[in-house]
Amino acid sequence: MPNIAYYTVTGQTRRFIKKTGLEAYEINDADPFYEMGRPFILVVPSYDDDMMDPVIDFLGYKSNRKNIVGVVGSGNRNFNELFNHTGKDIAKGLNIPVLYEYEFNGTDRDVEEFKKVVNTIGIK
């Protein structure tokens, strides 16, 4: 059972997750109602709030809100304060930490740093 959930719009987040080699659950637009059932990290891109409805539905489903331990966000640093705004908003709203931020689909260094974060909090 995965301890990482992610959402993607353009596929960049999926490419990042695949580079990590870690098992993860992809939040589905058509049916976001999946219960993780254990502590997990959420990985999200930065998009307009109305594009994140599946993520909001997923977080509101059963014990997901209780089990999320942190969020990892991505985006484009050219957008300045809007970089990773989705991850920051979720973290603030749920009172959880932003564990890591990366740009686009991440570099090799981002993959290694993300894996360190996952290992540090004991999620594999």
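Our subject in this report is the structure included herewith. The model shown is predicted, which means the values in this text are computed figures rather than measured ones.

Of all 5 residues making up strand β3 (residues 40–44), 5 are buried, and the element is well covered by its neighbours. Neither face of β3 is left uncovered, since the one carrying Phe40, Leu42 and Val44 and the one carrying Ile41 and Val43 both have all their residues buried. Where strand β1 (residues 4–6) lies against β3, 3 bridges are found, and the strand directions are parallel. Looking across to β3, one finds that Ile4 is bridged to Ile41. Where β3 meets strand β4 (residues 68–75), 5 bridges bridge the pair, whose relative direction is parallel. Paired with Ile41 across the strands is Gly70, a residue of β4.

On to the nonpolar core, then. Membership of the largest hydrophobic core comes to 17 residues, with the highest contact counts inside it found for Ile27, Phe40, Leu42, Val55, Phe58 and Leu59. When residues of this core are traced back to their parent elements, those giving at least two are β3, α2 (53–60), β4 and α4 (85–94). Residues in contact with Ile27, not counting those within four places in the same chain, are Tyr6, Tyr7, Pro32, Leu42, Pro54, Val55 and Phe58. Core analysis: the next-biggest nonpolar cluster, separate from the first, contains 13 residues, Ile4, Tyr6, Val117 and Val118 among them.

Once that is clear, we can look at the sheet that holds strand β5 (residues 98–103). One open sheet holds the 5 strands; their spatial order is β2-β1-β3-β4-β5, and the pairing between them is parallel. Strands at the two margins of the open sheet, each flanked by one partner only, are β2 (25–26) and β5. Against the sheet, helix α1 (residues 12–20) engages β1, β2, β3, β4 and β5, with an angle of about 155 degrees to β1.

On to the pattern of salt bridges. Applying the stated rule across the entire model yields 3 salt bridges. Between Glu101 and Lys88 there is a salt bridge whose closest N-O contact spans 4.0 Å. Within this pair, whereas Glu101 is found in strand β5, its partner Lys88 is found in helix α4, the two being separated by 13 residues in sequence. On the basis of relative accessible area, Glu101 is assigned to the partly exposed category, the value being 25%. Among the ionic pairs, Glu113 bridges to Lys116, the shortest N-O distance being 3.3 Å. Residue Glu113 and its partner Lys116 are both found in helix α5 (residues 108–120); the two are separated by 3 residues, about one turn of the helix. Residue classification places Glu113 among the partly exposed positions, given a relative accessible area of 22%.

Procedures and definitions
Residues numbered from 1 in each chain as written. Predicted model: local features only at pLDDT ≥ 70, side-chain atom pairs only at ≥ 80, totals over all residues. Heavy atoms only, no water. Buried < 20%, exposed > 50% of the residue type's maximum accessible area, 1.4 Å probe, protein only. Helix = DSSP H or I, 4+ residues; strand = E, 2+ residues; numbered from the N terminus. Pairing = 2+ DSSP bridges. Core = buried A, V, L, I, M, F, W, Y, C linked by side-chain atoms within 4.5 Å. Contact = heavy atoms within 4.5 Å. Axes fitted to C-alpha atoms, helices over the stretch in contact; angles between N-to-C directions. Salt bridge = Lys/Arg side-chain N within 4 Å of Asp/Glu carboxyl O.

Note that all results are geometric; they support no functional claim without further evidence.
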